[in-house]
Amino acid sequence: MTPDAALPIRSRDRLTASIFASASACGLAILYWISRVGFTNPVAPIFVTAGLALFVICVPSVVASFTDTSDLATVSRWWRSAPFLSIACLIVTAAAGFIVYPSGINLGIPLAAIGALAFVIALSLWARRARLLSTALLLGLAVGVTAWVGGIAWGTRYKTPLFWEQISDRGNVHHDPLYYVSMANSMRAYGVPSTGLDGVPYTPYHYGSAWLNSQWADLARVDVLSFYSLGPTVLMAPIFIFALLLFAAEARSAWRLVRLEAGSTRTLDREPIAWLVFLGATVGFIPSGALDALGIWNRHLLISESYLTGLGVFVLCCGLSVDWWFSRAKESALADALFLLLVAPLLLVCLGFLKVSLMLLALAALLWVVIRSGFFRQPVFLVASFFTIAVSAITFKLVSVAAQNQGFVPLSFMRYNADPRWWSYFVLGHLFWSWVYIALRIKEENSPTLSDLASAIKHGRLLDAEIVAVVALCGFLPGELIAIHGGSAVYFSDVQRWLAAPLVMAIAMRSISSWVGPRSKKGFGSIRLSAVIALIIAIPIALTIFFNVARAVRTAAAMNVGLRSEFAALSGITPSSRIVRDPYILAAGLQRAPDYAMISALRGLDTEPRALKRRTLLFVPQSDS
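All residue numbers refer to position in the chain's written sequence, counted from 1. Local features are withheld for residues below a pLDDT of 70 in this predicted model, meaning they are given only at 70 or higher, and side-chain atom pairs are given and counted only at 80 or more; totals for whole chains, interfaces and linings count all residues. The side-chain numbers reported here are obtained from all heavy atoms of the structure, hydrogens and water having been left aside.

### So, the pattern of salt bridges
- The rule for a salt bridge is simple: a side-chain nitrogen of Lys or Arg has to be within 4 Å of a carboxyl oxygen of Asp or Glu. Overall, the coordinates contain 20 salt bridges when judged by the stated rule.
- Linking Glu445 and Arg441 is a salt bridge whose minimum nitrogen-to-oxygen distance equals 3.1 Å.
- Assessed through its relative accessible area of 16%, Glu445 is described here as buried.
- We classify Arg441 as buried; its relative accessible area is 1%.
- Residues Arg497 and Asp494 are paired through a salt bridge, measuring 2.5 Å at the closest nitrogen-oxygen approach. Across this residue pair, the class does not change: Arg497 and Asp494 are buried. The rule is simple: take the accessible area with a 1.4 Å probe, protein chains only, and divide by the maximum for that residue type; under 20% is buried, over 50% is exposed, in between is partly exposed.

In structure tokens, the structure reads:
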């Protein structure tokens, strides 16, 4: 079956998500290459990494466009939905990386080529119904988001594209990537997650992303530390963006079913309010400094590769859950049991190894649905509940770090990570998107009084809002009751944003339209005052988003230019321009960097065969500075 030129709204929304995220992947790959101009800069690893992103992003949407052409989730199947296929494609890339060393077969370029071909097909399908204005706006948004992602990710000492060069310059890098890479290389060489200090004892930690990055590094044919600068940003950031937009698309399909709006012709690419919500949740409606003051750390999403990878999978799981929920009436008992007893537990375990907070919050949401819906009376749900609790408990024991828990400290995260002047707004601001979604849903259910609200909850009309509230509350409490080392409580409390924001995208235009209302006649005088007020509010918001993007880009560019200038000074050669691109000058300066000799020696050791590493001891005297 081939998709008709007039694709169903659901299929077009999937393709919109794919095109937007793919544009970001290609743009980030180009930015990475530009950032390394003048240094060793092979194209193949960048092509493979971007191609893997396209493989995970575009293949599911293209396949679903040909095999799952229904506009409403109720007549589709969860096992052929785009979220499930995306998770399957992620698994395929990891498996392909896993076989590189033992078999000598590297499928990196073939998978990248398939991803590029899928992107071309997705673009051709999407372009059939594209409008010039909406396409231009979408492209502009993609450029802005790409610049913001690159600026945030590469504007710190965590994942600069010049990481090896930066570490040669007095070791001026953050220690987190070194910790993760040590675990990744330990798993590669010894099959044990460990830092490699004092032997290779098992180290409890969420090392799933470290393992994934080591597989993808093999596909790209680079060392793991180099891939840490490339992969999380060029591969996982676009996949996360795709997951957000895909979740919103699947939720929109579900709402058309619930609200009997199957005849609506408005697609995601033509809903400006949805994209404004997307920008607000990612880049931010208010200045970056104010977000930091409220403890809303937008940067951590892109700085922490484990959180970014885990969130990408978590949001894909949310989209898959929507598809499963609304297709249950059409599924067989076997398909239902397969999802509950196999797919759901496996996904929870994967989330636990990626980021334990995501597993715990997903488990809380699952159990709440089982309890509130009365499904515990059905044997398959009851068995699945106990089974998921058991596998989650085992996973928690394997990955949790007891030292992270520093004891009972009331309001710990707020007191130590938010500006005291903003404490009174902390709960409101930190959980903003959850508040927005819950408020919109209460308004939709026409529940102006407490008794109306109680009735809506009792009859299950607000179950989706309840799930958001449960995730928000369960994520908020750990950081306000326990001192979690390094501000890591944010990896609990921040999750609700990425559950609520795509849901707000799914219903925002409908809610705003009911407020603004239709225009009764044409002409300037027919414009409603509510629309004028909305425009007045939108202008400062748009300016703030622009300045947030510009600030991130400026920081990353200054960091890159600054390091180049240092190498130029070390070389003793005066460059012809402020931005040093001359390979000879940069190479001469790099070789004179304080730690270049030691870093080069360590990089040489990393290229030794794994068989040799497994029977070799590296001793570093404590006197070595």
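### Regarding the packing of aromatic side chains
- Within 6.5 Å between ring centres, the rings of Phe, Tyr and Trp (the latter by its six-membered ring) count as paired, and their orientation is classed by plane angle as stacked under 30 degrees, edge-to-face over 60, tilted in between. Taken as a whole, this structure holds 28 aromatic pairs when the rule is applied.
- Ring centres 5.7 Å apart and planes at 50° place the aromatic pair Phe285 and Trp433 in the tilted group. Here Phe285 is found in the loop between helix H11 (272–282) and helix H12 (288–293), whereas its partner Trp433 is found in helix H20 (residues 432–444), with 148 residues between them in sequence.
- Looking at Phe285, the relative accessible area reads 22%, which means it is partly exposed.
- Consider the rings of Trp325 and Phe375, whose centres lie 5.7 Å apart with planes at 50°: the pair is tilted. A residue pair is termed long-range when its members are at least 10 positions apart, and Trp325 in helix H14 (residues 305–327) and Phe375 in the loop between helix H16 (356–372) and helix H17 (379–399) qualify at 50 residues.
- Judged by relative accessible area, which is 11%, Phe375 ranks as buried. Numbering goes from the N terminus for both helices and strands, where a helix is a DSSP run of H or I of at least four residues and a strand is a run of E of at least two.

### Remarks on empty space enclosed by the protein
- Grid spacing is 1 Å over the protein atoms alone, the probe is 1.4 Å, and a cavity is where that probe fits but cannot get out, while a pocket is an open set with protein on both sides within 12 Å along at least five of seven lines and lining residues have an atom within 4 Å of a point. Grid points are joined across faces, edges and corners, and a volume is the space filled by probe spheres set on the points. Under the counting rule described, the total for this entry stands at 1 cavity of 30 Å³ or more.
- Of the voids in this model, the largest cavity is the one considered here, and its volume is about 40 Å³.
- Surrounding the largest cavity, Trp148, Val149, Ala237, Phe240, Ile241, Thr282, Leu301 and Leu302 form its lining.
- Those elements that provide at least two residues to the lining of the largest cavity are helix H6 (132–154), helix H10 (224–258) and helix H13 (298–303).
- Considering each element in turn, the lining of the largest cavity owes the most residues, 3 residues, to H10.
- Gly is placed with the polar residues, together with every amino acid not listed as nonpolar (Ala, Val, Leu, Ile, Met, Phe, Trp, Tyr, Cys and Pro) or charged (Asp, Glu, Lys and Arg). Considering only residue class, the lining of the largest cavity consists of 7 nonpolar, 1 polar and no charged.

### A short note on the confidence of the model for the chain
- When pLDDT is averaged across the chain, the result is 88; 92% of the residues are at 70 or more.
- A residue's pLDDT is the predictor's confidence in that residue, given on a scale from 0 to 100. Contact definition: two residues touch when any of their heavy atoms are within 4.5 Å. Throughout residues 1–5 the model reports pLDDT below 50, and contacts reaching past four residues in sequence, or to other chains, amount to 10 contacts.

### Some remarks on the layout of surface pockets
- By volume, the largest pocket is sized at about 2,000 Å³.
- In terms of lining residues, the largest pocket is bounded by 45 residues, among which Asn185, Leu602, Leu605, Asp606 and Leu618 are the most central.
- Among the elements of the structure, helix H4 (100–103), helix H7 (163–168), helix H8 (176–190), helix H9 (208–220), H10, helix H27 (596–606) and helix H28 (610–613) are those that each provide at least two residues to the lining of the largest pocket.
- With 9 residues, the top contributor of residues to the lining of the largest pocket is H8.
- Of the residues assigned to the lining of the largest pocket, the class counts are 25 nonpolar, 9 polar and 11 charged.

### As for helix H15 (residues 333–354)
- For H15, built from 22 residues, the straight-helix expectation of 32 Å at 1.5 Å per residue is met to within 8% by its first-to-last C-alpha distance of 31 Å.
- The angle between axes fitted to the seven-residue stretch ending at a residue and the seven-residue stretch beginning at it gives the bend at that residue. Of all the bends in H15, the largest measures some 35° and sits at Phe339. Take the residue count of a helix, subtract one, and multiply by 1.5 Å to get its expected span.

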